Amino acid sequence: MSRRTQEQDPRNVLVTGASGMLGGAVAALLLEQGHRVRTFQRRPARAAGGPVPEQVPGSLADPEAVARAVDGMDAVIHLAAKVSFTGEWDEFVAVNIDGTRTLLDQARAAGVHDLVFVSSPSVAHFGEAIAGAGAAAADPDRARGHYARSKAAAELLALSADAPGFRVTAVRPHVVWGPGDTQLVERVLERAKAGRLPLLDHGAALIDTTYIDNAAAAIVRALERMEQAHGQALVVTNGEPRPVGELLAGICEAGGVKPPAWRVPGRVARGAGAVLERAWLAAGRRGLVQDEPPMTRFLAEQLSTAHWFDQRRTREVLDWTPSVSIDEGLRRLAAHYQPGRTA
Amino acid sequence: MVAELWPGVPAEWSRRVRVPSTAAVDPAGTVHTWHLLDNGPELAGRGVEPEGTLLCVHGNPTWSYLWRSLLAAASQRSKPWRVVAVDHLDMGFSPRTGRFRRLADRITDLGDLTAELGLEGPVVTVGHDWGGVISLGWALRHRSQLAGIVLNNTAVHPAGFDLPAALKLALHPAVHQWGTTTSPAFLRVTHALARPALPKDVRRAFMAPYLTAARRSGVGNFVADIPADPSAPSWPALTEVAEGIRGLDVPALLLWGPQDPVFSDRYLRDLLQRLPHADVHRFEGAGHLLPEDRDIASPVFGWLDMQPAGSSQTPEAVPGPDAVAQPSTPQVPYRPMLAELEARRTDSSPAVVDMAPLNAPAAGPRTLSWAELAGQVELLAAGLAAQGVREGHRINLLVPPGIELTSLIYACLKLGAVVVVADAGLGTAGLSRAIKGAGPDFIVGIERALAGARMLNWPGRRISVAELPQAKRRLYGVEATLAELLAAGAAEGSRPDAAGAWAPDPDADAAILFTSGSTGPAKGVVYTHRQLAAMRDTLKDTYKLEAGTALVAGFAPFALLGPALGATSVTPDMDVTAPRTLTAAALADAAAAVQATAVFASPAALANVLATAGELAPEQRAALEKVELLLSAGAPIPEPLLARVQQLLPAASLHTPYGMTEALPVTDISLAGIRAAGTGNGVCVGTPVVGVRVAIAALDASGLPASEPSAAPGTTGEILVSAPHVKDRYDRLWITQTQSASVPGWHRTGDVGHLDAEGRLWVEGRLAHIITTAGGVVTPVAAEQAAETHDGVRLAAVVGVGPEGAQVPVAVVETVPPVRKAGPALGGLAREVRNAVVQAAGLELAAVLTVPQLPTDIRHNSKIDRARLARWAEGALAGGKMGTP
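Residues numbered from 1 in each chain as written. Chains lettered and ligands numbered in written order. Predicted model: local features only at pLDDT ≥ 70, side-chain atom pairs only at ≥ 80, totals over all residues.

## Here's the deal with the overall build of chain B
For chain B, the count of helices and strands is 31 helices and 38 strands. For 885 residues, the compact-globule estimate of 2.2 N^0.38 gives 29 Å, and the C-alpha radius of gyration of chain B, at 30 Å, lies within 12% of that figure. Counting only C-alpha atoms, chain B reaches 95 × 75 × 55 Å along its principal axes. Nonlocal contacts in chain B, meaning residues at least 24 apart in sequence, comprise 69% of its contacts between residues at least 6 apart. (Helix = DSSP H or I, 4+ residues; strand = E, 2+ residues; numbered from the N terminus. Rg over C-alpha atoms; globule rule 2.2 N^0.38 Å. Contact = placed C-beta atoms within 7 Å.)

## A look at the packing of helix H9 (residues 244-254) of chain A against helix H13 (residues 326-337) of chain A
How two helices pack is summed up by the angle between their axes together with the distance between the axes. All names here are of chain A. Running from N to C, H9 and H13 point in directions that differ by 30 degrees, and their axes come no closer than 8 Å. Across the interface between the two elements, Gly250, Ile251 and Ala254 from H9 touch Leu330, Leu333, Ala334 and Tyr337 from H13. Within the contact of H9 with H13, the residues separate by chemical class into six nonpolar, one polar and no charged. (Axes fitted to C-alpha atoms, helices over the stretch in contact; angles between N-to-C directions. Nonpolar A, V, L, I, M, F, W, Y, C, P; charged D, E, K, R; others polar.)

## Quick look at the domain arrangement of chain B
Its domain assignment divides chain B into domain 1 (16-306), domain 2 (339-528), domain 3 (664-722 + 733-768) and domain 4 (771-877). Each of domain 2 of chain B and domain 3 of chain B was reduced to a C-alpha centroid, and the two centroids are 35 Å apart. (Domains from an automatic or database assignment.)

## Remarks on the confidence of the model for chain A
Across chain A, pLDDT averages 85, with 82% of residues at or above 70. Note on residues 1-6 of chain A: pLDDT under 50 across the span, and one contact to partners over four residues away in sequence or across chains. (pLDDT = per-residue confidence, 0-100.)

## Considering the interface of chain B and chain A
Contacts between chain B and chain A engage 20 residues on the former and 23 residues on the latter. Broken down by secondary-structure element, the contributors of at least two residues to the side of chain B that touches chain A are strand S37 (823-824) and helix H31 (866-877) of chain B. When residues in the side of chain B that touches chain A are grouped by element, the largest group, three residues, is from H31(B). Its residues assigned to classes, the side of chain B that touches chain A shows 13 nonpolar, five polar and two charged.

## Focus on helix H29 (residues 781-788) of chain B
Residue and element names in this part refer to chain B. For H29, a buried count of seven out of eight residues is recorded, marking the element as mostly surrounded by other parts of the structure. Taken together, the buried positions of H29 are Val781, Ala782, Ala783, Glu784, Gln785, Ala786 and Ala787. Those residues of H29 that are buried lie in contact with strand S27 (683-688), strand S32 (761-766), strand S35 (793-801), strand S36 (808-815) and helix H30 (829-841). (Buried ≥ 20, exposed ≤ 12 C-beta atoms within 10 Å, placed from the backbone.)

Next comes the structure, spelled out in C-alpha cells:
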C-alpha cells in the first residue's frame, strides 16, 4: 500500500482529551480529512461547526470505559491529561501515568494499530535554557513539577510499548496558543488586564511557540507518518522563536490589552513562584482558593529562560512544515478578540 | 561500554612489559616491568597494519596518560598508527627502581624498551617537557627507523641561556626535596598550568601514580638531574642531544603552548635554530600542558598524512563544469625591491619627505633625495651587519612611518634580514603577543617601544632610533643607536665591496606583517622578497603608479612601497597609530609639499579629513584639487562618504581596493563602479586587479566550503585568491597555514561572497560569521544593510545564535539616539527591522536587540567583532543577565 492511499484511507480514530483546545482541533482536523472520529472525555466535547464526532463519555481511571472507547478503532491520539501548575502528585499519577497505562493496555488488546501520545517538551526540561536543542530523552526524575514529571513517566511508558503491530510515537508541541486558548492566551490577557503580568528580566529569553492549527496538523501528520515516527519523541513548534516580551506584547495587542511594562528579575520571580506555589497548595487543600497562583516556579522558569528547539528532525520525520506563521497567528487572534478591528 | 581504567583510557591500552636493562645505573641482569599505554594489541586484534609507530615520551611529573588523545585518535583513522606511550621507570605506573636514573640512563632505558617491544617500521617520536630530550636521545640512536619528530613545550638548552626561574627554584636545595617528593606541590603546580583548568577526574588521574612520597621519588630525581651548569652529571648527555639534533633531517613538528612559565618561547626559538626545517604551530593562549589544553591529535595526524614518507595520496579531484583550474604560478620577471632605489643613486630629486620628522617634529618638513636615501640605506645596512644582523634574522621595527622607518626597511631588505612590522594599532596586549610570537632577533624602536619591550619582556637585542642618555640605554638594554649604526656603516663602507656582498634569495623571507586581530589573535604573515616585489608590481600596474608619481603615504603597507615604486612619498603629520588623527589641513600640507598626485589614506582617516575640511585655506584646497588618485583600503566605504571625498578631491579617481594582510590588493572598485553596482547581497568590491584570480568555494549546508574552486556567478562561498603577491605562509601557525592553503594553488581568505555575472566580487561577510539555519547557510551583510535602511538604526550586525545547523538569526543594532542599556528592541522597532530584513534579504530574524555600541576591532575601528557579539547575544537571549557585548 502506498503512503498516499494510506493517507487518504478513512480510518477509525479515537481522540482522548478532545474537550481541550488542542484535542478539539485535532478531532476537527481528522473529521475534515474524512476520518471517522470518536472522542473520549469526561465532559461532552464543545460543539463545533461541521461534522460531529461520535462521543464516548468516561474517565481514564475506568478500564471498562476505556475498553469501550478503543473498541473497533484503528488508531488513538491520546491528549487527555491533567494539566496544571499546581495540585497533588497523586492526582497527576492517576490521570497522566496510570491513565496512559490503561489506555495503552486496552488499545493493544483491542487491536489498535497506531497510537500518538501527545506529550510536552517539559518532560526533558531540567531548568536550564534550551537553545536550539532537539528532543532529549524524557526524564521523570529531573523534569520540573508534577505535570512534567508525570508526563515524562507516561511518555517513557508509551514509547516502550512501541512494537510491530502497535506503533507508538510521542509528539511534544511546545506552548500551543490560539483563539480561545485558556492555557496561555487568556491567562496572559487576564493578568495583563489586572496589571499582574510582569516581564521577567528583560523579556529577552527566546521562546518557541506553536500556533494551534500547526500543533493539530503535526499531531495528525504523525499518525500518517507512523512508519517513520514510531518509537520516537518529536518536539513540534512553529520554528519561529521570539523574545518572550515581544510575544506577550503581541498577544496583549491582539487581545486589545496594554502590554506589560514592569519588570521583575527572573531569579526573584522563581523564588516567589516557589513560595506562592506551596502557599496556594496549602490553601487549596483547605478550600480557600480555587484558581492557580499568580506565579509558579515553573511559569517563572518558562518566562525567563530560553526554550527553542531544532526542528530539523521533526520536519524531516513528519515531512511537514507549519502553515500558519506567528504573525498570521497573531492576526487571527486579533480577529477573534477584536472582530471589528482592521489589521 | 568499554571499561576505563582512567578517564579516556580503556583498559585494553594498558599493558606491562618485562624489559632487561642495559642502563649503566642497573646491575647486570636487572629486569624492569614497564607500564605503557599501547593500542598495538587492539590494532592487531582488528587485523589492521599500522602506518608506523608514535613513540610518546612524557615529561615530569606527568605520565603516559598525557597522550591518551593520540591513542584515541590513532586507532580511528583511515590510516591508523600504533601509539606506544611509555611510563618512564620510577614514573607513572612503571616500577620504582630505587636508583637515581640520569638522562643517559633514561635514553638507554627507552631503547631497551623499544628493543624488547621489537618495534618495526617507521617510528615518529613525540616528546613533552623533559621527555622531549629523552625522545630526541632515542631518535639519535635509532636513525634508521626514525621517520619524524614531534615536540611539545620542551627544551634541549643547555648552551646560551639560563634555566628558567621556576626550575631554578625547584632545584634549590631548600625547596627541592620538600617541593618535589615530600609533598605533592610540584605535581599540583604543574597540573594547575592547564588552560583551561583540568577537570577534577583528569587531575585525579594525573595524580594517581604519585600518591605517596615513596611513589614520588622519581619526580624529585627528575628535577635534581636537570643540568644547571657544565659541572652537572647529565650535562654531557644533554649537550650530545642538543648538538646531535642539528644533524636530524627528518620531518619535525613543534606544537607549542606559549603561556608556559618554564618552557617559554625562547626554547622554541632555540629549537628552531637547531631544527630550521621544522613545522611550527604556536597555540596562542595555551600553556605547558599543551596536550591537555588543545587538540594535538588532529594536527599531529594531519601532519603525518602530509609527510612524503607516509604514502599519502590525495585522490585526484574530478573538476565540475564550473571548476576553475588550479592556477599555475606565473613566473613574472623578478625585480628586487631595491632596484629602483639603486637605479636612482645619483638622483637629487626628493625621495621621501617627513612633514613631522621623528626626532624634531617642530623643525618642519625633512627631505631626503634619492641619492641621500640610497646612501643612508647602504650605511644602515652595513651598520646593522656590523652590529651582528645576518641574513634571515628577524628585525622588529617599532618605529612610526617616516624617513627612519623607510631607511630601516630598505636596509633590512638589502641585508636579507626579515622585517617584522607590528603596529601599535593591535593594542599593547595584542602587540606583545605578536612580537613574542614572531620572536625577533633584534628590536629597533623609539623610546616608548623600548620601554614597552623591557616591561613586557619582549625578545631581541635592542637598538634605539633616538640618542638616549646612558641611564636609559642601560635601563632598556640598548646596544646601539641609529646614529651609531650609520657611523659604523660608514667605517665598514670604507672597505671595498662591503655593500655589494648581499644578494638575498628572492624566495627567502623578507617581511612579516600582522593581521588586524579582529578575528582572534593577530597572525604573522610571511612574505618573501619575490612576493613583496609582486605586491609592488600589482599596485604599479593597477594604478599606473609610474616613477615620478608623488604620493601621500597615509596608509600602511602601501605607504612603505614608495621607494620601491620610484615614487616620491610624503608622510603627513599625524599619529599613525590612530588614523582618525589625520586632518584635512595635514593632508593638504603633505600633498602640497611634493605636489602629490596620489593619496593613500584609511577610511577612518578620510572620515576625519571630511570632518575637518572646513578649516582648509584656499591654497590647501588647491593642493588637494591636484590629486589624481585616492586609494583607501581596510574596510568598505559607504558611497555617501566617498561622494563627499570627491568634492574635496574633484580631480581624483577614487578607489577602494579590497584585500587582506595576506593578499593586498585583490580587487578594486571606483566610486563610479560602486554607483553602477548598486545594492545587492553584500558589498561590491569590484573586479580582480592585475595578476589576481578570484574564485569561490561553495558552502555546503553546514557552512563548510567545497574543496573545489568555482567561478560560477551567483554562488555564495568562501572567497579564494591566487596571485603572485599572496603571502608565503602564516608564521609559526602550521595548522592555520595548512587550512588556508587546503585548496591547492589558492589562498582561502576566510571571507564569504559571490561573483556576479559581470565578474564583480561581492563580499558577504566572514566565513566564521555565517549563520547556519535549518533552512540553509545565510551570510549576514545583506540583512545588515536592510536593517540599516531603518531610520532608527545607525549600525547593525546580524549574528546566529544556537547550535550549528539550527541557528536563528538575530539583529543587534545601534540606534539613533543610542540606547543607554542593552536590551530587546522596544516599541515597533523590532517589527519594523524584522519586516525590512524579510523584504530585502528574505531572512526571518528571531530577535532584534539594541545596544549602546557594537564591539569593533582596535585597528580599523570599523570591523564588528561578530564572534563576540554572537556569544553575547546567545547569553542575552537565553534569559537572565543582559550585560553589554
